[in-house]
Amino acid sequence: MVPPDPRRWLALAVIAVAQLMVVLDATIVNIALPSAQQALDISTADRQWIVTAYTLTFGGLLLLGGRIADFFGRKRTFLIGLLGFAGASALGGAAVNAGTLFAARGLQGLFGALLAPAALSLITVTFTEAKERAKAFGVFGGISGGGAAIGLLAGGVLTEYADWRWCLLVNIPIAVLAFVAAIPLVRESKASGDTRYDIPGAILATAGQVALVYGFTKAATDGWGSGVTIGWLASAVVLLGAFLYWESRTKHPLLPLRVLFDRDRGASYLVSILLGAGMLGMFLFMTFYLQQTMGWSALKSGVAYMPFSGGIIAAAVIASRLLPRTGPKILMSVGGVLATASMIWLTRLDLDSSYAVSILPAFVAMSLGMGLVFVPMSSLALAGIANHDAGVASAMVNTTQQVGGSLGTALLNTIFTTAVTGYIADHAAGAGSPLTQAHAAIHGYNVAFTASAVLLAVATVLVITMVRNTKPEVAEVTPVHLG
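A quick note: this is a predicted structure, and the numbers were derived from the prediction, not measured.

Scoring rules and cut-offs
Residues numbered from 1 in each chain as written. Predicted model: local features only at pLDDT ≥ 70, side-chain atom pairs only at ≥ 80, totals over all residues. Heavy atoms only, no water. Helix = DSSP H or I, 4+ residues; strand = E, 2+ residues; numbered from the N terminus. Rg over C-alpha atoms; globule rule 2.2 N^0.38 Å. Buried < 20%, exposed > 50% of the residue type's maximum accessible area, 1.4 Å probe, protein only. Contact = heavy atoms within 4.5 Å. Expected span 1.5 Å × (residues − 1). Polar contact = N/O pair within 3.5 Å; in protein donor to acceptor, adjacent residues only side chain to side chain. Core = buried A, V, L, I, M, F, W, Y, C linked by side-chain atoms within 4.5 Å. Phe/Tyr/Trp six-rings, centres within 6.5 Å; stacked < 30°, edge-to-face > 60°. Salt bridge = Lys/Arg side-chain N within 4 Å of Asp/Glu carboxyl O. pLDDT = per-residue confidence, 0-100. Axes fitted to C-alpha atoms, helices over the stretch in contact; angles between N-to-C directions. Parallel < 35°, antiparallel > 145°, perpendicular 65-115°, else oblique. Nonpolar A, V, L, I, M, F, W, Y, C, P; charged D, E, K, R; others polar. Patch = residues over 30% accessible without salt bridge, like charges linked within 9 Å, V, L, I, M, F, W, Y side chains within 5 Å. Areas by Shrake-Rupley, 256 points an atom, 1.4 Å probe, with all protein chains shown as cover. Left-handed = near helix turned anticlockwise from the far one by under 90°.

Caption draft 1: Here's a closer look at the overall build of the chain. When its secondary structure is counted, the chain shows 16 helices and zero strands. Its C-alpha atoms give the chain a radius of gyration of 22 Å, within 12% of the compact-globule value 23 Å for 483 residues. Its C-alpha atoms give the chain principal-axis dimensions of roughly 80 × 50 × 45 Å. Relative to its full complement of 483 residues, the chain shows a buried share of 55%. Pairs at least 24 apart in sequence give 84% of the contacts found in the chain among residues at least 6 apart.

Put into structure tokens, the structure is as follows:
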């Protein structure tokens, strides 16, 4: 038996820092969105690419990244991911136009898709004793949960007192320090067996998602009935259909379709996509509402999100304790209703809405709802899964959230843009008035929040109708990718 690595806890510290960087990047840029949009003259229709360029590549390539880490070498992949993430962050921080920033965010997602599963795999192979592994995963989970809150606050501080570019540039020293420390502290490991990669599957899946997001974006500028919009959406259907066909035929699928066929597991993935779409859409529009409509600073906006972060962590703890007694259906149903109600509450926002009355209750309800859903949803993804499919099944939870967030952000931004344009057209006499523009934005937010509420309501209906009212025994498996 191989003795435990004497430097394993130091290695965990390095891995945790790298994971924190990836988690931070998902939220730290949100607070900087209005400043970045203004500085680089990014259109309202295109601003969602600051978010979706990252989430699309990250979510689309995550499964492939996990497989590369397993067979190319987990430490080697981890180091490459760190350097690549730092380089992409430098490119984004130095961006002089929208295209460069979008490309940099896409590269961040690509290297994040290598870095994140490599980090989790390294914990799995570094900690071989059950109790120590549980503690290590507890640290990893705490970083993943609390990192979002740190990112929102850090984004506000950096944007307020430095510049929005530092929300990207801050990754460079973190990545370099983690790289230098990882070389002596982290052990290399590889998985044995067939090392073939499903490159065609990864390309088809990612290209299909990009085509779908681009189709949504073109709808904001050209209309839903334009030939360009229809062409991109049709291309997305063809590419995603080709992906499913390829996965059913290839001997080494990126996503074995048998993973999706279980009723509860399939439902959990659908719910994950819809929740990701609704929640990330809320973050996008609330950031602009707080800073542009309410006139709050970036720092104050970051602080405003703190109750949301605290609530989701508290609800996750409660859900973890209740799940063995209640089963997943009750918790997920209650959580879905809370999240939907919170989004409906936000549709009441106006120019002079109060944070304490109109926003804080929605943030608290949404955070509690999401926390009650996420824990049992992750449990469902692994319930009854075969050991050799455990990595893919757990990674799919993260992947579907990212993909849902990408598609939802693009779709909701298009709905917002269309609503604003329609409002101004209906009030053409005062179209140039700042007050009309402000009311148009409020109308757009309300329509977008209504659409988000519909997405969350559909997710709740899926839980009620598809998830079985059982208390599943989660398989004792070794997580390989993201869980």
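Anyway, onward from the coordinates.
Caption draft 2: Examining helix H16 (residues 434–466) more closely. Taking 1.5 Å per residue as the helical rise, H16 with its 33 residues ought to reach 48 Å, and the 48 Å between its terminal C-alpha atoms agrees with that figure. The backbone nitrogen of Leu-435 has a side-chain oxygen 3.2 Å away, supplied by the residue at the start of H16, namely Ser-433.

Caption draft 3: Fine view of helix H10 (residues 263–293). Spanning 31 residues, H10 covers 44 Å between terminal C-alpha atoms, matching the ideal 45 Å at 1.5 Å per step. With 25 of its 31 residues buried, H10 lies for the most part within the structure. For H10, the N-terminal capping position is held by Asp-262, with its side-chain oxygen 3.2 Å away from the main-chain nitrogen of Asp-264. In the segment just after H10, Gly-295 is the residue with positive phi, at about 75°.

Caption draft 4: Examining the nonpolar core more closely. Ranked by internal contacts, the top residues of the largest apolar core, which has 133 residues, are Phe-78, Met-282 and Met-286. It is H10 that contributes the most residues to this core, 15 residues altogether.

Caption draft 5: View of the side chain of Ser-367. Tracing the chain through its elements places Ser-367 in helix H14 (residues 355–382). The contact partners of Ser-367, leaving out residues within four places of it in the chain, are Pro-307, Phe-308, Gly-311, Ile-312 and Ala-315.

Caption draft 6: Layout of the packing of aromatic side chains. Under the criterion given, the structure shown has 15 aromatic pairs. Aromatic pair Phe-285 and Phe-416: ring centres 5.4 Å apart, planes at 35°, arrangement tilted. Linking Phe-285 in helix H10 with Phe-416 in helix H15 (residues 390–426), this pair joins segments that are 131 residues apart in sequence. Judged by its relative accessible area of 0%, Phe-285 falls in the buried class. Measuring from ring centre to ring centre gives 5.9 Å for Tyr-289 and Tyr-445, while their planes differ by 85°; the resulting arrangement is edge-to-face.

Caption draft 7: Representation of unusual backbone geometry. Unusually for a residue other than glycine, Asp-41 sits at a positive phi of about 55°. Relative to the elements of secondary structure, Asp-41 occurs in the loop between helix H1 (8–39) and helix H2 (49–72).

Caption draft 8: Region of the structure containing the pattern of salt bridges. Within this structure, the stated rule accounts for five salt bridges. One salt bridge in this structure joins Arg-8 and Glu-132, with 2.7 Å as the shortest N-O distance. Of this pair, Arg-8 sits in helix H1 while Glu-132 sits in helix H5 (residues 130–161), and the two are 124 residues apart along the sequence. As far as burial versus exposure is concerned, Arg-8 and Glu-132 are alike and both buried. When the shortest N-O distance is used, the salt bridge between Arg-468 and Asp-262 registers 3.7 Å.

Caption draft 9: Expanded view of the environment of Ala-103. Locating Ala-103 in the fold gives a position in helix H4 (residues 98–126). Distance from Ala-103 to Leu-62, taken between C-alpha atoms, is 18 Å for residues 41 residues apart in sequence.

Caption draft 10: Structural context of the environment of Ile-15. Looking at the element boundaries, Ile-15 is found in helix H1. In contact with Ile-15, not counting residues within four places along its chain, are Phe-78, Ala-119, Leu-122, Ile-123 and Phe-140.

Caption draft 11: Just the side chain of Gln-291, in detail. On the secondary structure map, Gln-291 appears in helix H10. Engagement of the side chain of Gln-291 in a polar contact is seen with the backbone oxygen of Ile-31, the distance being 2.9 Å. For Gln-291, the contacting residues outside a window of four places in its chain are Ile-31, Pro-34, Trp-296, Ser-297, Ala-298 and Ser-301.

Caption draft 12: Layout of the confidence of the model for the chain. When pLDDT is averaged across the chain, the result is 86; 93% of the residues are at 70 or more. Ranking the elements of the chain by mean pLDDT puts H5 last, at 77, and helix H3 (residues 74–93) first, at 95. Taken as a whole, residues 472–483 scores under 50 in pLDDT and shows 47 contacts with residues more than four places along the chain or in a different chain.

Caption draft 13: Up close: the packing of helix H12 (residues 306–326) against helix H13 (residues 328–346). Direction vectors running N to C along H12 and H13 enclose 130°, while the axes themselves pass 7 Å from each other. It follows from the interaxial angle that H12 and H13 lie oblique. Contacts between H12 and H13 pair Ala-319, Leu-322, Leu-323 and Thr-326 from the former with Pro-328, Ile-330 and Leu-331 from the latter. Residue composition of the contact of H12 with H13, by class: six nonpolar, one polar and no charged.

Caption draft 14: Representation of the environment of Leu-152 within the structure. In this structure, Leu-152 sits in helix H5. Classification of Leu-152 by relative accessible area gives buried; the value is 1%. Distance from Leu-152 to Ile-28, taken between C-alpha atoms, is 5.1 Å for residues 124 residues apart in sequence. If near-sequence neighbours (up to four positions away) are discounted, Leu-152 is found in contact with Thr-27, Ile-31, Phe-283, Gly-302, Tyr-305, Met-306 and Ser-309.

Caption draft 15: Geometry of a nonpolar patch on the surface. Side chains of Phe-72, Ile-80, Tyr-197, Ile-199 and Ile-203 sit close together on the surface and give an oily, nonpolar patch of about 420 Å² of accessible area. Position of Ile-80 among the secondary structure elements: in helix H3.

Caption draft 16: A look at the packing of H2 against helix H8 (residues 199–222). Across the interface, H2 lies against H8 with an axial gap of 9 Å and an inter-helix angle of 160°. Between H2 and H8, the interaxial angle falls into the category roughly antiparallel. The way H2 lies across H8 gives a crossing that is right-handed. Between H2, through Trp-49, Thr-52, Leu-56, Gly-60, Leu-61 and Leu-64, and H8, the contact on the second element is made entirely by Ile-199, Ala-202, Thr-206, Gln-209, Val-210, Val-213, Tyr-214 and Thr-217. Split by residue class, the contact of H2 with H8 holds nine nonpolar, five polar and no charged.

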